[in-house]
Amino acid sequence: MERHYIPESTLGVAGVVDQVIDGDEVLITRDGTAVAQVVKLAESKPSVEMRIGSLEWLIAQSAGMTPLKTSSVELLRQVYEEND
């Protein structure tokens, strides 16, 4: 784990970020005391089950609806005209 004293890290934040992107953890210290740790964020992607569940929910919600005879473009035009 890399250690940085605060004045050093304020001048080289981009370097600290580059180290974190590369997988390093960076410890920020002030007067010899650790005050912060910079780590790479975990990537969060919705799971396949969550996406399938959302799709199934959407299909169920729209099952009883009658299709619109107006296009989405026309609906947006109407909304903008009402706001003028």
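Note that the structure is predicted; figures quoted are calculated from it, not measured.

## Some points on the overall build of the chain
Here is step 1 of the chain: Counting secondary structure elements, the chain contains four helices and three strands.
Here is step 2 of the chain: The linear arrangement of helices and strands in the chain, starting from the amino end, is β-α-α-β-β-α-α.
Here is step 3 of the chain: In the chain, which comprises 84 residues, the share counted as buried stands at 11%.
Here is step 4 of the chain: For the chain, contacts bridging at least 24 residues in sequence account for 31% of all contacts bridging at least 6.
Here is step 5 of the chain: Element-wise, carbon and sulfur atoms account for 58% of the exposed surface of the chain, whose accessible area totals about 7,400 Å².

## Quick look at a nonpolar patch on the surface
Here is step 1 of the chain: A surface patch of nonpolar side chains, amounting to about 460 Å² of accessible area, comprises Leu55, Trp57, Leu58 and Ile59.
Here is step 2 of the chain: With respect to the helices, strands and loops of the structure, Trp57 is situated in helix 3 (residues 48-62).

## Observations concerning helix 4 (residues 72-83)
Here is step 1 of the chain: Between its terminal C-alpha atoms helix 4 stretches 17 Å, which fits the 16 Å expected from twelve residues at 1.5 Å a residue.
Here is step 2 of the chain: Burial runs low along helix 4: only zero of the twelve residues are buried.

## Overview of unusual backbone geometry
Here is step 1 of the chain: At Asp31, a position not held by glycine, the phi torsion is positive, near 55 degrees.
Here is step 2 of the chain: Secondary-structure assignment places Asp31 in the loop between strand 2 (26-30) and strand 3 (33-38).

## Some thoughts on the pattern of salt bridges
Here is step 1 of the chain: All told, the structure shown has one salt bridge when counted by the stated rule.
Here is step 2 of the chain: Ionic pairing is found between Arg77 and Glu74, a salt bridge with its closest N-O pair at 3.7 Å. Of this pair, Arg77 and Glu74 both sit in helix 4, three residues apart, roughly one helical turn.
Here is step 3 of the chain: On the basis of relative accessible area, Arg77 is assigned to the partly exposed category, the value being 49%.
Here is step 4 of the chain: Looking at Glu74, the relative accessible area reads 29%, which means it is partly exposed.

## Notes on helix 2 (residues 13-21)
Here is step 1 of the chain: Along helix 2, the positions that sit buried rather than exposed are Val16, Gln19 and Val20. When helix 2 is viewed along its axis, its buried side chains cluster within an angular range of 100 degrees and face the same direction. Structural note: helix 2 exposes Ala14 and Ile21 on the side pointing more than 90 degrees away from its buried face.
Here is step 2 of the chain: Gly23, located one to two residues past helix 2, shows a positive phi value of around 105 degrees.

Basis of the calculations
- Residues numbered from 1 in each chain as written.
- Predicted model: local features only at pLDDT ≥ 70, side-chain atom pairs only at ≥ 80, totals over all residues.
- Heavy atoms only, no water.
- Helix = DSSP H or I, 4+ residues; strand = E, 2+ residues; numbered from the N terminus.
- Buried < 20%, exposed > 50% of the residue type's maximum accessible area, 1.4 Å probe, protein only.
- Contact = heavy atoms within 4.5 Å.
- Areas by Shrake-Rupley, 256 points an atom, 1.4 Å probe, with all protein chains shown as cover.
- Patch = residues over 30% accessible without salt bridge, like charges linked within 9 Å, V, L, I, M, F, W, Y side chains within 5 Å.
- Salt bridge = Lys/Arg side-chain N within 4 Å of Asp/Glu carboxyl O.
- Expected span 1.5 Å × (residues − 1).
- Arc of directions from axis to C-beta.

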